[in-house]
Structure formats: structure tokens, C-alpha cells
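# Summary of structural features
The chain contents come next:
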Amino acid sequence: MTLALFLVDALPAAAAFTLDGPEGRHAAAVRRLRVGESLLVSDGAGSVARCAVTAAGKDSLELAVEERWSEPPPAPRVVLAQALPKGDRGELAVELATEAGVDAVVPWRAARCVTKWEDGPRGAKALDRWRRTAREAAKQSRRPWVPQVSDPVSLRGLVRLAEASALALVLEAGLSTRLADVELPASGDVLLVVGPEGGITPEEIAALTDAGGVLVRLGPSVLRTSTAAAVTLGALGVRTSRWG
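A brief structural summary. It should be emphasised that the depicted structure is a prediction, and the values quoted were computed from it without experimental measurement. (Residues numbered from 1 in each chain as written. Predicted model: local features only at pLDDT ≥ 70, side-chain atom pairs only at ≥ 80, totals over all residues. Heavy atoms only, no water.)

With that settled, the discussion passes to helix α3 (residues 121-140). Spanning 20 residues, α3 covers 28 Å between terminal C-alpha atoms, matching the ideal 28 Å at 1.5 Å per step. What α3 keeps buried is the set Gly123, Ala126, Leu127, Trp130, Thr133, Ala134, Ala137, Ala138 and Lys139. Looking at the packing, one finds that the buried side of α3 touches β1 (5-7), α1 (21-30), β6 (77-83), α2 (89-100), β7 (104-108) and β8 (148-149). Phi turns positive one or two residues past the end of α3, at Arg142, with a value near 60°. (Helix = DSSP H or I, 4+ residues; strand = E, 2+ residues; numbered from the N terminus. Expected span 1.5 Å × (residues − 1). Buried < 20%, exposed > 50% of the residue type's maximum accessible area, 1.4 Å probe, protein only. Contact = heavy atoms within 4.5 Å.)

The following block contains the structure:
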């Protein structure tokens, strides 16, 4: 069975250390790990240590490091520009995309978004939920890389991202170009643009294609904005070395 993974701000250099705080509490009180059992500890930036439990407290574990290694980031790197869905579908989109291997998430204030993230406490709270969701989904899927969730962008910011990417894919149903027919880069950033429930406006499509974006469809059916990225990441995993 795959070992449980716990995230820390920095992986200690010592041969033995204490896992405490929220992660230690979860390991000791929720997962109930005991002396002799093993687990993984990661800094969320590729560094991993396999550790053995040498002592278990009420809300902490004493660990001995058995092995250390560094996981390289996947290539090409996939950056998801996710339009803001309504309700809790934003967190669902981030959760599924993280489990499918996304490397970074950019919230997009698309024109047809029902949800609006205004500057201030409410917007900051919503952004924090996305970041916490990415972190928890990375732990659940045993990923040593936690996707970074950036501040939200407007169309102008999204265009800049498209221009700087090795490839920008704009998902749009009903098109003749299939994702399977697009040549994919071996390295660099692949920007994946997922629109809102109401679709991407003609003005947004024009701006993104002018920036080099390629309009593609996945298949004959129409996916929800919360699931489209995860399905696309699966296809990219098969067509590139990301799952190699």
C-alpha cells in the first residue's frame, strides 16, 4: 500500500526529527500511526523523505529518516487557467486537477463568470480555499509537488501567460480541432484555459488566439468546467512523458 504523505514547510536535514503541528496531529491522532510504521514527509517542492516512527505521542510523532530523494517536476509543465465557477465547483476543479497532476493554477476572472472575486477579505478567503484544496489534494494523491495557486487574473493577465507559454490550449466544445491532433512541446509551460459555465466570449477567444492560443476540443461530449481540466490532464499524461 502506498505510504501516507505529510507536508512540512521545510524538510529537516537531521537524521531524526519531530513531526508536530497540524500534520503531526493528523498522523498521530487521525491516521494513528504507531512505532515501526513508515510514512513519507515532503516539503511540497519535490524533496521527500521516507521515515519510520520511533515514538508516538498524542499529537506528534518522532521520526527516523530512512531515505531521502528529490522528485523532478513533470515536463512539460501544465498551468491551469480556471475560470471561476459558481458554488463549490471551484474547489472541486482544483481538487481534481491536482490529483490529475496539474503544476500550477491561475484563477481567471472570465467575462461570463457568475462568481466574482472582488479585492478584499472575501476574495482573499476564496483564494485561500483554493490553496488549501490544492494542498490537501496533493497529500491525498501522494504528490511531492503541491501546485501553486496564484492571484486571480483578468483577460489581460491571461493573454500575457499565453504569450509566455510554449503552448496555450483553449478548451472549447464543438470545434473540429481535437486535442489528439495538436503537437505538444516536450518542455516549457502548457497553459490550459478552461472557461466558465456560460462559455468563453468571442472577444476572449479572439484575444487568446491572437496571443497564440490553440482552440481544441476533447471529445464529442460537453464537460463541466469543474471536470474539464482533470480529463485534459489525463490525455496530456498519456501523450507526453509526464506519466513516464
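Among all residues save glycine, negative phi is the norm, and among peptide bonds the norm is trans. Going from Ala75 to Pro76, the amide bond is cis rather than trans, its omega being -5°. Locating Pro76 in the fold gives a position in the loop between β5 (61-70) and β6. The phi torsion at Arg32 lies on the positive side, around 55°, for a residue other than glycine. Relative to the helices and strands, Arg32 resides in the loop between α1 and β3 (38-42). Given the relative accessible area of 54%, Arg32 is considered exposed.

With that settled, the discussion passes to the sheet that holds β1. An order of β1-β3-β4-β5-β2 is seen for the five strands of this open sheet, with the pairing classed as mixed. In the strand order of this sheet, the two ends are held by β1 and β2 (16-19), each with one partner. Each strand axis lies, on average, 40° off the axis of its neighbour in the sheet, ignoring direction. Pairing between β3 and strand β4 (residues 47-56): five bridges, direction antiparallel. (Pairing = 2+ DSSP bridges. Axes fitted to C-alpha atoms, helices over the stretch in contact; angles between N-to-C directions.)

To continue, consider the nonpolar core. Counting 49 residues, the largest nonpolar core has Trp108, Leu158, Leu169, Leu191, Leu192 and Val193 as its most contacted members. With residues up to four places along the chain from it excluded, the contact list for Leu158 reads Ala81, Trp108, Val153, Leu191, Val193 and Leu208. With 15 residues, the next largest nonpolar core counts Leu39, Ala49, Leu61 and Leu63 among its residues. (Core = buried A, V, L, I, M, F, W, Y, C linked by side-chain atoms within 4.5 Å.)

This brings us to the pattern of salt bridges. Scanning the model with the defined rule gives 12 salt bridges in all. Its salt-bridge partner being Arg50, residue Glu67 comes within 2.5 Å of it at the nearest N-O pair. Highlighted residues: Glu67 in strand β5 and Arg50 in strand β4, separated in sequence by 17 residues. Across the pair Asp119 and Arg109 runs a salt bridge, and its minimum N-O distance is 3.4 Å. With Asp119 in the loop between β7 and α3 and Arg109 in the loop between β7 and α3, this residue pair connects regions lying 10 residues apart in the sequence. (Salt bridge = Lys/Arg side-chain N within 4 Å of Asp/Glu carboxyl O.)

A few words on a nonpolar patch on the surface. Side chains of Leu218, Leu223 and Val231 sit close together on the surface and give an oily, nonpolar patch of about 210 Å² of accessible area. Of note, Val231 is situated in helix α6 (residues 228-239). Overall, the relative accessible area of 41% leaves Val231 in the partly exposed class. (Patch = residues over 30% accessible without salt bridge, like charges linked within 9 Å, V, L, I, M, F, W, Y side chains within 5 Å. Areas by Shrake-Rupley, 256 points an atom, 1.4 Å probe, with all protein chains shown as cover.)

Before going further, it helps to spend a moment on the pairing of β7. With respect to burial, β7 is a largely interior element, five of its five residues being buried. Of the two faces of β7, the one carrying Ala104, Val106 and Trp108 and the one carrying Val105 and Pro107 are both buried. Taken together, the five bridges between β6 and β7 define a ladder with parallel strand orientation. The residue bridging Ala83 from the neighbouring strand is Trp108, located in β7. Each parallel crossover has a hand, and the one from β6 via α2 to β7 is right-handed. (Right-handed = clockwise from strand over helix to strand, strands pointing away.)

Honestly, that's just the spatial picture; any functional story needs more than this.
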